Amino acid sequence: MPKLKCGIEVHQQLNIGKLFCRCPSFLREDKPNFTVERKLRAVASELGEFDAAALEVMQKDYTFVYEGNHENTCLVELDESPPMPIDKEALKIVLEVALLAKSQVLDKVFVMRKAVVDGSNTSGFQRTALVSTGGSLKINEKKTIEIQTIALEEDACRPSKKDEEGRKIYYKLDRLGIPLIELATAPEIETPEEAKQTALAIGKLLRITCKAMRGLGTIRQDLNISIEGGARIEIKGCQDLGLIEELVRREMQRQEKLLEIKKEIMIRQVSEEDFKKLQVIELSDLFKNSESKLVKGKSIFGARIERMRELLGKELQPGRRFGSELSDQVKAKAGLKGIIHSDELPNYGITQKEITEVKRKLELTLEDAFILVIAEKEKASKAFQAIAERCLQAMKGVPEETRNALEDGNSEYSRPLPGAARMYPETDIANFEVSEKELKEISKHLPLWPEERLKLYTEKFKLSKQLAEKMVLDNYAIFFEDLVKKGFDATQTAVLLLEGLTKISREGAKVESLTEQELEEALQLLKSKKLTKETLLEFLKLRSSNKQASVEGLLKELGTTSFSETQLRETIAQIVQKNSAFIKEKGDRALSALMGEAMKELKGKADGATISRILKEELEKAKK
Ligand SMILES: [Zn+2]
């Protein structure tokens, strides 16, 4: 295996309000209340230079359409109003993470603007605040990885749809501004397996704060990968932890194969001139009456690619060839669907006879390859320019670039690596200091590590191992610890938080709307026997849809104000009395039959354990 150098950058959404306005952080799938259109224009830097990535997007002349709802979007997301000060809770959480990872918190925190060119930010930049540097994280028994930076960022808009014809790209505004913790490691990862372990360890670190958002798309990993002799590639947008190993492995393979192509190009003595002077020739006539629907009657252009036979078809990743890389460029730079190259023919209904004709017209020798594009002249010339540039890069090996993670572990070209000078200060927000006092206060109440939690829950709280393991990384863990410290029964509390809430959520209750206060209130009612284990969940169901009602009102609605011990005893005593003959006959074996009757009569008024206890006591009395 080639030598690998890899670093991970994790972006975790926080389950709190937005970072620079006070809108709530949730996504909506229904129709937007409004849409706004914008265009991107690249502006030269103070040194008179244009960012390559910005130029590439601008040339495509897209219109960005933003869709928003009033409920979770305000003028800040639209960049019509200056940002508000950084959210205090978000800052506290990121400081917790920094302290847990022994990262050095900066004396002064500056909010910066990072240029974003794909339209995913209405302002053209993303706000980011570097909070700490350094620190480390243990990823397995033997290895600790150095952390480079921990930052607080605002999330970008969510891609909605694309209208290629109208050159429009749609975004949803709801995600814009959700706080993200960005944690970047040093490039110390040396195997694909370590990449996965690192991502897992970072995930745990972020989750023990109990404020990490859960679910698809809430955590995103970027990978920086290079092999010896290769180049730094940034693979963006991996949302699936299970895919990380494969992404790294396949990128290593891609770089290895590109280095092989470079070597082969040298052996074949291909010169730069060969690529710089591609002869583009119109071939539409050849396919006028073709049997292939793909090309029949279309405007087709072709070019000879000198001495590149069999290299275009060389596999770089499973199912992706060097031809796929050329195709990516043509998609990105000329807006076409792709290319057809000689190493994949005959195919698509194009016949051997037609291929021979193309070869004759392009004056191919046995060593050459050819490429066809289906496009009008102007686009075709753009396409061949992109192809020539990518071939020139192949002479040098691996081009540095940003790539998108694909679902199978492969990746595709997305854009050039952004220039280094794309950060500049956010002038709308003053820098601020994190005081020693504040840090000390936070360090006194740091979340426990998973191992510490497991020990506390099983040994001191006497939770079953199964419940304890589930609770350790749950977002209710810290709340659970607080409740047990306040005297609530650990098992009962854990069962409610881990299982009860899931159950009523499946039954349609809006569990996420229940506040910790409301949950504690319900547990308190259970403790004072105003609710039973059975009615507790029903009560919370009512509470989740009725925030204003008083406790008494809800209990009344429940129709099951629990019986007091005296009331219970009265009812049970009556049942025992009624069945005295039966009890005489059956003795102790009467218990289960009577238990059934009592449960039926007292349904929802008391829990089974209490009923059973009182019933046993009453039976003993009856015997005397
Ligand atoms: Zn807002």
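Report on the accompanying structure.

Reading guide: rules and limits
- Residues numbered from 1 in each chain as written.
- Predicted model: local features only at pLDDT ≥ 70, side-chain atom pairs only at ≥ 80, totals over all residues.
- Heavy atoms only, no water.
- Helix = DSSP H or I, 4+ residues; strand = E, 2+ residues; numbered from the N terminus.
- Rg over C-alpha atoms; globule rule 2.2 N^0.38 Å.
- Buried < 20%, exposed > 50% of the residue type's maximum accessible area, 1.4 Å probe, protein only.
- Contact = heavy atoms within 4.5 Å.
- Donors = N, O, S within 2.8 Å, 3.2 Å for Na, K, Ca; no water.
- Pairing = 2+ DSSP bridges.
- Axes fitted to C-alpha atoms, helices over the stretch in contact; angles between N-to-C directions.
- Polar contact = N/O pair within 3.5 Å; in protein donor to acceptor, adjacent residues only side chain to side chain.
- Parallel < 35°, antiparallel > 145°, perpendicular 65-115°, else oblique.
- Left-handed = near helix turned anticlockwise from the far one by under 90°.
- Nonpolar A, V, L, I, M, F, W, Y, C, P; charged D, E, K, R; others polar.
- Salt bridge = Lys/Arg side-chain N within 4 Å of Asp/Glu carboxyl O.
- Phe/Tyr/Trp six-rings, centres within 6.5 Å; stacked < 30°, edge-to-face > 60°.
- Lys NZ or Arg CZ within 6 Å of the ring centre and 35° of its normal.

## Some thoughts on the overall build of the protein
Link 1 in the chain: Along its length, the protein carries 20 helices and 24 strands.
Link 2 in the chain: Relative to the globule expectation of 25 Å for 624 residues, the C-alpha radius of gyration of the protein, 33 Å, shows a markedly less compact shape.
Link 3 in the chain: Within the protein, the fraction of its 624 residues that count as buried is 49%.
Link 4 in the chain: Of the contacts formed within the protein by residues at least 6 apart in sequence, a portion of 72% connects residues at least 24 apart.

## Considerations on the coordination of the zinc ion
Link 1 in the chain: Summarising the metal site, the zinc ion is bound by the protein donors C21 (SG), C23 (SG), C74 (SG), E77 (OE) and E77 (OE), whose distances to it range over 2.3 to 2.6 Å.
Link 2 in the chain: Mapped onto the sequence, the residues coordinating the zinc ion show the spacing C-x1-C-x50-C-x2-E. Of this pair, C21 sits in the loop between β1 (4-13) and β2 (34-39) while C74 sits in the loop between β3 (63-68) and α2 (88-100), and the two are 53 residues apart along the sequence.

## Considering the sheet that holds β2
Link 1 in the chain: Read across the sheet, 4 strands follow the order β2-β3-β11-β10 without closing on themselves; strand pairing throughout is mixed. A single partner strand is all that each edge strand has here, and the edge strands are β2 and β10 (158-163). With direction set aside, neighbouring strand axes in the sheet form an average angle of 25°.
Link 2 in the chain: Pairing of β3 with strand β11 (residues 168-172) involves 5 bridges; the strand directions are parallel. Looking at β11, one finds that V65 is bridged to Y170.

## Describing unusual backbone geometry
Link 1 in the chain: For the bond running from L345 to P346, omega is 5°, close enough to zero to count as cis.
Link 2 in the chain: Within the secondary structure layout, P346 lies in the loop between β19 (340-341) and α7 (352-361).
Link 3 in the chain: Look at E310: it is not a glycine, yet its phi comes out positive at around 70°.
Link 4 in the chain: Looking at the element boundaries, E310 is found in the loop between β16 (300-305) and β17 (315-317).
Link 5 in the chain: E310 gets classed as exposed once you look at its relative accessible area, which sits at 54%.
Link 6 in the chain: The phi dihedral of K529 falls on the positive side, at around 65°, and the residue is not glycine.

## Describing the pairing of strand β14 (residues 233-238)
Link 1 in the chain: Note: strand β13 (residues 219-227) against β14, 4 bridges, orientation antiparallel. Across the sheet, the residue bridging to I225 is I233, located in β14.
Link 2 in the chain: Between β13 and β14, which pair antiparallel one after the other, the connecting turn spans 5 residues, and G229 there sits at a positive phi close to 85°.
Link 3 in the chain: Here β14 runs beside strand β21 (residues 401-405); their pairing, made up of 4 bridges, is parallel. Following the sheet pairing, I235 is matched in β21 by R403.

## Some remarks on the side chain of R403
Link 1 in the chain: Tracing the chain through its elements places R403 in strand β21.
Link 2 in the chain: Of the residues examined, R403 reaches a relative accessible area of 0% and is grouped as buried.
Link 3 in the chain: A polar atom in the side chain of R403 sits 2.6 Å from the side chain of E401.
Link 4 in the chain: A polar contact is formed between the side chain of R403 and the side chain of S411, at a distance of 2.8 Å.

## Digging into the side chain of R158
Link 1 in the chain: Tracing the backbone shows R158 in strand β10.
Link 2 in the chain: Only 2.8 Å separates the side chain of R158 from the side chain of D174, close enough to count as a polar contact.
Link 3 in the chain: Beyond its immediate stretch of four places on either side in the chain, R158 contacts L27, R28, E29, Y170, Y171, K172, D174 and R175.

## Some thoughts on the packing of helix α14 (residues 516-527) against helix α15 (residues 533-545)
Link 1 in the chain: Relative to each other, α14 and α15 sit at 150°, their axes nearing to 10 Å. As far as their axial angle goes, α15 and α14 are roughly antiparallel. As for the relative orientation of α14 and α15, their crossing is right-handed in sense. Along its contact with α14, which presents E518, L519, E521, A522, L523, L525 and L526, the element α15 presents K533, L536, F539, L540 and R543.
Link 2 in the chain: A breakdown of the residues in the contact of α14 with α15 according to their chemical character gives 8 nonpolar, no polar and 4 charged.

## Topic: the pattern of salt bridges
Link 1 in the chain: Counted under the stated rule, the structure contains 58 salt bridges.
Link 2 in the chain: Among the salt bridges present, the one from R304 reaches D368, with a minimum N-O distance of 3.9 Å. Residue R304 is located in strand β16, and its partner D368 is located in the loop between α7 and β20 (369-374); the two are separated by 64 residues in the primary sequence.
Link 3 in the chain: Exposure remark for R304: the relative accessible area of 22% places this residue in the partly exposed category.
Link 4 in the chain: Salt-bridge contacts for E597 lead to K578; the nearest nitrogen and oxygen are separated by 3.2 Å. Here the residue E597 occupies a position in helix α19 (residues 590-601), and K578 occupies one in helix α17 (residues 565-578), the gap between them amounting to 19 residues.
Link 5 in the chain: Taking the relative accessible area as the measure of exposure, E597 reaches 26% and is therefore partly exposed.
Link 6 in the chain: Judged by its relative accessible area of 59%, K578 is exposed.
Link 7 in the chain: Through salt bridges with shared partners, a single network forms among E251, R254, E325, R390, E401 and R403.

## Comments concerning the environment of R569
Link 1 in the chain: Turning to its location among the elements, R569 is positioned in helix α17.
Link 2 in the chain: Residue R569 is classed as partly exposed on the basis of its relative accessible area of 22%.
Link 3 in the chain: The spatial distance from the C-alpha of R569 to the C-alpha of I614 is 6.5 Å, given a sequence separation of 45 residues.
Link 4 in the chain: At 2.8 Å, the side chain of R569 and the side chain of E617 are in polar contact.
Link 5 in the chain: Polar contacts involving the side chain of R569 include one to the side chain of E618, which spans 3.0 Å.

## Some points on the packing of aromatic side chains
Link 1 in the chain: Summed over all chains, the structure comprises 7 aromatic pairs.
Link 2 in the chain: Seen from their ring centres, Y457 and F461 are 5.8 Å apart, and the 10° between their planes marks the pair as stacked. Comparing Y457 with F461, the two get one shared label, buried.
Link 3 in the chain: Arranged with centres 5.7 Å apart and planes meeting at 75°, the rings of F461 and F480 form a pair that is edge-to-face. With F461 in the loop between α10 (450-460) and α11 (465-472) and F480 in helix α12 (residues 477-485), this pair connects stretches of sequence that are 19 residues apart. The pair formed by F461 and F480 is uniform in burial state, with each residue classed as buried.
Link 4 in the chain: One aromatic cluster in this structure is built from F64, Y66 and Y171.
Link 5 in the chain: The ring of Y170 is capped by K161, whose NZ or CZ atom sits 4.6 Å from the centre of that ring.
Link 6 in the chain: Over the aromatic face of F488 sits the side chain of K527, whose NZ or CZ is 4.8 Å from the ring centroid.

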